[in-house]
Amino acid sequence: MGQRFSKHRLTAVDSPPSRCFSVSEEVPPYFSSYSSTTESGIIMDSPGDRTRRTSEVKDSSPDSRRPSEVKDSRQDSRRPSIYSTMDAMPHFEFYANATATGRIRRSRPSLETLRKALDNEESAGNISDSGTGSLAVMKKIENGSEENGPVEKTHQPVRFGWVTGVMIRCMLNIWGVILFLRLSWITSQAGIILTWVIILMSVLVTSVTALSISAISTNGRVSSGGAYFMISRTLGPELGGPIGVVFSFANALGCALNTVGFSETVRDLLIEYKAQMVDPVNDVRIIGSITVTVLLLISMAGMEWESKTQILFFMVIMVSFINYFVGTVIPATPKKQSIGFFSYQSDIFLENLFPDWRGPDSGFFQMFAIFFPSAIGILAGANISGDLKEPETAIPRGTLMAIFSTTISYLLISSTVGACMVRDASGNMNDSLALNFTEVCDGLGCSLGWNFTECEQNHDCSYGLANNFQVLIQVSGFGPLIYAGIFAATLSSALAFLVSAPKIFQCLCKDNIYPYIGFFAKGYGKNNEPLRAYVLCYFIALCFILIAELNTIAPLISNFFLCSYALINFSCFHASITNSPGWRPLFRYYSPWIALFGAVISVILMFLLTWWAALLTFGIIIFLFGYVAYKKPEVNWGSSIQASTYNMALSYTLSLAGVEDHVKNYRPQCLVLTGAPIMRPALVDFVGSFTKNVSLMICGDILLGDEKSVMSQHNTTVMVKWLNQRKVRAFYTALKASSLREGTQHLLQTSGLGKLKPNIVVMGFKTNWQEATPHGIDDYINTIYDSFDSNHGVCVLRMMGGLDISDELQTEVNLTFEMGEAIEAEQQNSYATSDIYDTKNTANEQIKTVFQTIQGKNNIDVYWISDDGGLTLLVPYLLTRRKRWRQSKVRVFIIGKQQTMEEDRKEMMNMLQRFRLDVHDVIVMTDSEQPPLAKNTRRFEDLITPFTVNERQLDERTVQQQRKACPWKVTDKEIEALKLKSERKVRLNEIIRKNSKNAALVLVSLPVPQADCPSSLYMAWLDTLSCGLHCPVLLIRGNQQNVMTFYCQ
């Protein structure tokens, strides 16, 4: 219920001996004194210390930081505040994340350090002049460390700007296989108008997503991991983990898609030159396998080589575009006219404006599903966010510029190819028409001098927009340059996907959200390349390359990426509407409602494109989400889910505060005086059994110590972690006080919020009260009195072996409740605080108690001696709703007379039925007024004798003085006046031991003492009522207000 808190331990461990302070986010803060030697252990931001740390900590030098972090602030970083030499001026590194850069960062002094700085400053007066002693010492440190000589320069990782790192990479990904091999075919099917609609719909989704990405990426430092990193840090691991798996897999499929497109082009070339290896399908598989292997080798060579390769591909594509547009204005030769190219013709343009669906799988959404993968490249830059110089500015600028440029190119190519090429052509030079032709001719070709009627009717045309995928090659001025463009576009996209997938998966593996994947988290080289993840993604891509069908792979990728876009947009929307002060994106051109629209339209498109793939995608995400939600990984990323939870809790709490209490909604909200919950697990488990998912439970830890004791946040974290591991839904609050009574008074007044305030105080029975000091007993009993006076119910739990397990944990126990030592002893020597706060092993220690075992069909016996409003009956009912107590039988014992026993029983059964309580039996005790056995009476007298005042041997004045000095003592008159009450409690205990010796739990109405009842006498009553039982005994009393009703309003 309370925990002794000592100043001695604080001085030995927690108190900072001097001024220098530093911290790593990997370990708790530590302090060290100033010294000019290298062994001092000081970590300050002086040049000498930076040099020394470089040899000790990998990548810890300032040079490893990005340019935005590298500042010449040596003097500013050492400047003290004008308030105090210990107080620090604002500095960047106080806010920098040490784990993000791999270096140990400095920390500002804690409040405790500043509060104790006066003594340290006085002691440091010998080494400082005019308040500048700290700077003088720092100079000594700097000079001393610089004597150690220069340190070898470390190799810096390659970082990219927004052009090469984001814009070019995104453009290359968007200019993929669809542009060169499917856009002309989609134009023939959907027509120019609907093709533009398809393009603009895709751009709408990707543009909204790009705005959301821009907002998220500018709301703080973005590390490696791309879309996974953004979603997981915004929505939390529950949604971030599943999308990380799906998005990594989608990027691997994107690599397979573009590799298959490249392989199809090479196969067509081989067929054209009669160099086919096996057959069309197997040729694609062979070429694709070889290609993806080469791409793997390029990727594993490092980001620098990969970036140079991408720039080369970009230049090739630009040349191929120029070649294409030049080809559209060159007059068509008869050879080109035979394959359907006639340069710009208004008739062709008007004919191709409208759709001409062909085949069973043709349709608007089928075409959209095939085209959409061309737009998925917008995340190519964000996926390598860890390799960018300034990801906060590079991602929005580069992504939006890439979308704008590629959209223009898609619109121009679709409209120009639709204005130059007819849908059907035979490729036969003999199909040209003479000036005065007489044969039957039908179609657009007739007006252009060609008769393609026969192949159109037989559906065997080999050329034209609708029949040939290599229209751009036929239109261009020099065909081989288009081949080079296709190779560059497909290979660059495949390479980008092959690089993105492992980096995303590596970030997911490092977060340790899912088991058995940590093997792939390891990185190699200065860029921390995920070589193992490269190999994994290589084999995934290889499996899908073996499908060798572009139109089959494209819809799968569309669903995976649409799902990613939906979550990215929802992340932006959710982070915006939570009104979290931490949501401060530098990118302002976004709207949460537009982001929500992007999320909704992405989900709708998923089902409109391929419904079975959408169901499969959501099934995978739900399964992965369920796993993470069940495991609850120990990560805290400040997600918008946390902000939303806070908003909802605040809103509901405020709305609840204006609602008048009603008996139907009564819930037992418990303030449990557990002390450190680890020390009394049985008490925690018992209360948690009937409050979990039902009502409020607060574990109060009263720290008994002097005023200068400091409560550590680490202690609270350990206790909360222990409660979570035990699956107890409770709050933990620690409070300093000089006594248990004072601490409880503070907790009763301050615990809770609004309607969420305790109405019951639960405490453990003081088992060894006879060995305790009278002050300790008086403090304990007055705590119960104060609870009654504040209109709270009271529950006292007693177990045969006691509740405190400190002996098992080999830690020091709470002196107020268990030791019974003299309180004056704390002034002799300082007590060491229990080591439970400083070890993780104890936090993980989970001792099983009787309340964690299945009780079977054992009885729960309720001795309802006094009507307290129904709390005595409500608690066992709530217990029987739990799985462990579900089969237990509740028996209710009431006091009655022999003559009216049956009527009393029927009356009670009727009332319990109206309360809708499942009670197994009602037993009327008719012998409660009989005198108790002599041996039991003597036991009670032995309990109270040490606390009595012998009035017969003392005068009245002396008796009054002793009563005033020792209010816990009992006079002979009080014993005689309360003799009947005492005997009835002894008799009731005899009845309980007789009827409930095999019960699993016994509940007994707690007597309410009068205000002048001596604490020792009341303690003896509690002991007498609950002694002699092997099962747990709960002495319970409500606040005399109804907690149950049989009315419906």
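Residues numbered from 1 in each chain as written. Predicted model: local features only at pLDDT ≥ 70, side-chain atom pairs only at ≥ 80, totals over all residues. Heavy atoms only, no water.

A tally of helices and strands in the chain yields 41 helices and 15 strands. Relative to its 1049 residues, the chain shows a buried fraction of 54%. Considering only contacts in the chain between residues 6 or more positions apart, those separated by 24 or more positions represent 81%. For the chain, the accessible area works out to roughly 47,900 Å², and carbon and sulfur atoms hold 56% of it. (Helix = DSSP H or I, 4+ residues; strand = E, 2+ residues; numbered from the N terminus. Buried < 20%, exposed > 50% of the residue type's maximum accessible area, 1.4 Å probe, protein only. Contact = heavy atoms within 4.5 Å. Areas by Shrake-Rupley, 256 points an atom, 1.4 Å probe, with all protein chains shown as cover.)

On to the state of the cysteines. Using the criterion set out here, one finds one disulfide in the structure. No disulfide involves Cys537; its sulfur sits 8.6 Å from the nearest other cysteine sulfur, which is in Cys255. With no disulfide of its own, Cys670 lies 6.4 Å from the sulfur of Cys795, the closest cysteine sulfur. (Disulfide = S-S within 2.5 Å.)

Time to look at empty space enclosed by the protein. Going through the model one piece at a time under the given rule, you end up with six cavities of 30 Å³ or more. Computed from the structure, the second largest cavity encloses a volume of approximately 90 Å³. Looking at the lining of the second largest cavity, the elements that each hand over two or more residues are α10 (183-217) and α18 (391-420). Looking at the lining of the second largest cavity residue by residue, the class counts come to eight nonpolar, five polar and no charged. (1 Å grid on protein atoms, 1.4 Å probe; cavity = no way out; pocket = protein on both sides within 12 Å on 5 of 7 lines; lining within 4 Å. Points joined across faces, edges and corners; volume = space filled by probe spheres on them. Nonpolar A, V, L, I, M, F, W, Y, C, P; charged D, E, K, R; others polar.)

To continue, consider the side chain of Thr617. Summarising the element assignment, Thr617 is placed in helix α26 (residues 611-631). On the basis of relative accessibility, which here comes to 1%, the residue Thr617 falls in the buried class. In terms of polar contacts, Thr617 uses its side chain to reach the backbone carbonyl oxygen of Ala613, at 2.8 Å. Leave out the neighbours within four places in its chain, and Thr617 touches Asn559, Phe560, Cys563 and Met606. (Polar contact = N/O pair within 3.5 Å; in protein donor to acceptor, adjacent residues only side chain to side chain.)

Let us look at a positive patch on the surface. Residues Lys631, Lys632, Lys727 and Arg729 make up a contiguous surface patch of positive charge. Mapped onto the secondary structure, Arg729 falls in the loop between α29 (713-725) and β6 (731-737). (Patch = residues over 30% accessible without salt bridge, like charges linked within 9 Å, V, L, I, M, F, W, Y side chains within 5 Å. Salt bridge = Lys/Arg side-chain N within 4 Å of Asp/Glu carboxyl O. Lys, Arg positive; Asp, Glu negative; His and termini not counted. Charge placed at Lys NZ, Arg CZ, Asp CG, Glu CD.)

Another point: the environment of Val417. Among the secondary structure elements, Val417 is positioned in helix α18. According to the relative accessible area criterion, Val417 is buried, its value standing at 1%. Sequence spacing of Val417 and Leu465 is 48 residues, and the spatial spacing of their C-alpha atoms is 8.4 Å. Here Val417 is in contact with Ser184, Thr187, Tyr324, Leu465 and Val471, once residues within four sequence places are set aside.

Helix length check: helix α13 (residues 280-300), at 21 residues, gives a terminal C-alpha distance of 30 Å against a target of 30 Å (1.5 Å per residue), a fit within 8%. What α13 keeps buried is the set Asp283, Val284, Ile287, Gly288, Thr291, Val292, Leu295, Leu296 and Ser299. Its buried side turned inward, α13 meets α12 (237-272), α22 (479-511) and α23 (531-545). Capping of α13 at its N-terminal end is provided by Asp279; its side-chain oxygen lies 3.1 Å from the backbone amide nitrogen of Val281. (Expected span 1.5 Å × (residues − 1).)

At Ser343, a position not held by glycine, the phi torsion is positive, near 60 degrees. Here Ser343 lies in the loop between α15 (334-338) and α16 (346-351). The exposure class assigned to Ser343 is buried, which follows from its relative accessible area of 12%. Here Gln1040, not a glycine, exhibits a phi torsion of approximately 65 degrees, which is positive. Mapped onto the secondary structure, Gln1040 falls in the segment after β15 (1033-1037).

The next subject is the pattern of salt bridges. Going through the model one piece at a time under the given rule, you end up with 15 salt bridges. A salt bridge links Asp1023 to Arg939; the shortest N-O distance between them is 3.0 Å. Of this pair, Asp1023 sits in helix α41 (residues 1015-1026) while Arg939 sits in helix α37 (residues 934-944), and the two are 84 residues apart along the sequence. For Asp1023, a relative accessible area of 3% gives the class buried. Of the residues examined, Arg939 reaches a relative accessible area of 32% and is grouped as partly exposed. The partner of Arg987 in a salt bridge is Glu990, and the shortest N-O contact between them spans 2.9 Å. One end of the pair, Arg987, and the other, Glu990, are both in helix α40 (residues 979-995), three residues apart, so they sit about a helical turn from each other. The class for Glu990 is buried, based on a relative accessible area of 9%. The structure contains a network of salt bridges with shared partners spanning Asp356, Arg358 and Asp424.

What follows is about a nonpolar patch on the surface. Judged by side-chain polarity, Phe607, Trp611, Trp612, Leu615, Leu616 and Ile620 come together as a nonpolar surface patch covering roughly 620 Å² of accessible area. Ranked by residues supplied to the nonpolar patch, first place goes to α26 with five residues. Among the secondary structure elements, Phe607 is positioned in helix α25 (residues 592-609). Classification of Phe607 by relative accessible area gives partly exposed; the value is 35%.

With that settled, the discussion passes to the packing of α12 against α13. In the contact formed by α12 and α13, the axes pass within 8 Å of each other and the chain directions differ by 125 degrees. Taken together, the axes of α12 and α13 are oblique relative to one another. Along this stretch, α12 crosses α13, giving a crossing that reads as right-handed. Together, Cys255, Thr259, Val260, Phe262, Ser263, Glu264, Val266, Arg267 and Leu270 of α12 and Pro280, Asp283, Val284, Ile287, Gly288, Thr291, Val292 and Leu295 of α13 make up the contact between the two elements. The residue inventory of the contact of α12 with α13, partitioned by class, reads ten nonpolar, four polar and three charged. (Axes fitted to C-alpha atoms, helices over the stretch in contact; angles between N-to-C directions. Parallel < 35°, antiparallel > 145°, perpendicular 65-115°, else oblique. Left-handed = near helix turned anticlockwise from the far one by under 90°.)

Turning to the side chain of Ser787, a few remarks are in order. Here Ser787 shows up in helix α31 (residues 774-789). Accessibility expressed as a relative area gives 0% for Ser787, which makes it buried. For Ser787, the contacting residues outside a window of four places in its chain are Leu748, Val761, His792 and Val794.

So, about the confidence of the model for the chain. Mean pLDDT over the chain stands at 78; residues scoring 70 or higher make up 78%. Segment residues 121-153 is flagged for pLDDT under 50; beyond a separation of four residues in sequence, or across chains, it makes 39 contacts in the model. Note on residues 811-840: pLDDT is under 50 here. Beyond four places in sequence and across chains, it has 82 contacts. (pLDDT = per-residue confidence, 0-100.)

Let us look at the packing of aromatic side chains. Using the criterion set out here, one finds 35 aromatic pairs in the structure. With centroids separated by 5.1 Å and ring planes inclined at 70 degrees, the aromatic side chains of Tyr324 and Phe325 adopt a geometry described as edge-to-face. In this structure Tyr324 comes out as buried when scored by relative accessible area, which is 1%. Residue Phe325 is classed as partly exposed on the basis of its relative accessible area, which comes to 29%. Ring plane angle 70 degrees and centroid distance 6.4 Å describe the contact between Tyr1018 and Trp1021, whose orientation is recorded as edge-to-face. Here Tyr1018 pairs with Trp1021, and both are found in helix α41, just three residues apart, close to one helical turn. Exposure class is identical for Tyr1018 and Trp1021. Each is buried. Among the aromatic residues, those joined into a ring-pair cluster are Phe247, Phe368, Phe372, Phe497, Phe561 and Tyr565. The ring of Phe1046 has Arg914 sitting right over it, with the charged end atom 4.2 Å from the ring centre. A cation over a ring is seen here: Lys985 above Trp1021, with NZ or CZ 4.2 Å from the ring centre. (Phe/Tyr/Trp six-rings, centres within 6.5 Å; stacked < 30°, edge-to-face > 60°. Lys NZ or Arg CZ within 6 Å of the ring centre and 35° of its normal.)

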